[in-house]
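Architecture at a glance
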Amino acid sequence: MPIRAVLWDIDDTIFDYAGADHAGMQLHLEGVGLPEAYATVDEALDAWKAITVRHWARVAAGETDFLGQRRDRVREFLSRPLTDAEADAWFAGHLSHYEASWQLFPDVLPVLDRLVPAYRHAILSNSSSEHQHRKLTALGIRDRFEAMVCAVELGVSKPEAGAFHAACEELALDPHEVAYVGDEPDIDASGAVAAGLTGIWLDRRGRGGRPDLVTITGLDQLPALLAGQTRFGAPDTFG
């Protein structure tokens, strides 16, 4: 049976999260000053990135909620205790710069246009529905996706099979009828494969090293990949 729908990750797949987060924090630090724990802005930005990854993993594991991870990221980054209100106020400065830096990757709109009407489209994210709905609306593409399933509301996150199956159920499709595209080889592509979907790793940074995965290095390669195979077989690598 052919692939009938494409299920998408958002951050660092269609939306340049890393770029916006980096730019937003850099601008924020220019305004509030460099925390004492860091010798340079680059050191602080690297630490912020690592802290963000760590605390998002806690959200995915159900150890904290969306607001909690924001506050804990600020406390760890500044290396000092803060009330919730203080942490929220500090994060708000970063948030304003971060949101001003939001942008899609250049290959997103052309590929979405090329894939319509051959495939249906939906979202599966490890974030919250409210946050991702707002983001996709601001970026002008929310109406491109007929369904959106997010881990915070679902209570199960990628790479668990239940997250992928919930998204397939929203589309009323069997897993083997759905391809999943994401930027993380294990959380996204391998998780999708284990759940019975076609997992496609979008390796934008050219990390490589995963011959076990169907891999593309840009979304412009996706239409030909989908059109060339009604059922994916051996992993293929483009670029």
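In this convention, every chain numbers its residues from 1, walking through the sequence in written order. Given that this is a predicted model, residues contribute local features only at a pLDDT of at least 70 and side-chain atom pairs are listed and counted only at 80 or more, while totals for whole chains, interfaces and linings are drawn from all residues. The side-chain numbers reported here are obtained from all heavy atoms of the structure, hydrogens and water having been left aside.

Quick notes on the confidence of the model for the chain
Each residue carries a pLDDT score, the predictor's own confidence in it, on a scale running from 0 to 100. Chain-level statistics for the chain give a pLDDT mean of 93 and a share of 95% at 70 or above. In the predicted structure, residues 230-239 sits below a pLDDT of 50 and forms 26 contacts with residues beyond four places in sequence or in another chain. The contact rule is simple, with two residues in contact once any of their heavy atoms fall within 4.5 Å.

Overview of the pairing of strand β2 (residues 120-125)
Partly exposed describes any residue whose relative accessible area lies between the buried limit of under 20% and the exposed limit of over 50%, with all areas from a 1.4 Å probe on protein chains only and scaled to the type maximum. Here a helix means four or more residues in a row that DSSP labels H or I, a strand means two or more in a row labelled E, and each is numbered from the N terminus. Burial analysis of β2 places 5 of its 6 residues in the buried class, which makes it a mostly covered element. As paired elements, strand β1 (residues 5-8) and β2 share 4 bridges and run parallel to each other. What sits directly across from A5, in β2, is R120. As paired elements, β2 and strand β3 (residues 147-150) share 4 bridges and run parallel to each other. Looking at the pairing, S125 lines up with C150 of β3. For a crossover, the right-handed case is the one in which the path from the first strand over the helix to the second runs clockwise, viewed with the strands pointing away from the viewer. Tracing the backbone out of β2, into helix α6 (residues 129-138) and back to the parallel element β3 gives a crossover that is right-handed. At least two DSSP bridges between two strands are needed for those strands to be called paired.

Quick notes on the pairing of strand β5 (residues 198-202)
In terms of burial, β5 is largely enclosed, as 5 of its 5 residues are buried. Side-chain alternation along β5 places T198, I200 and L202 on one buried face and G199 and W201 on a second face that is also buried. Two strands pair when backbone bridges link them, and strand β4 (residues 178-182) and β5 are joined in this way by 4 bridges, in the parallel orientation. Along β5, the bridge assignment pairs Y180 with G199. Remark: the β4/helix α9 (residues 185-194)/β5 crossover connection has right-handed handedness. Strand direction decides the pairing type here: β5 and strand β6 (residues 214-216), joined by 3 bridges, are parallel. Following the sheet pairing, I200 is matched in β6 by V214.

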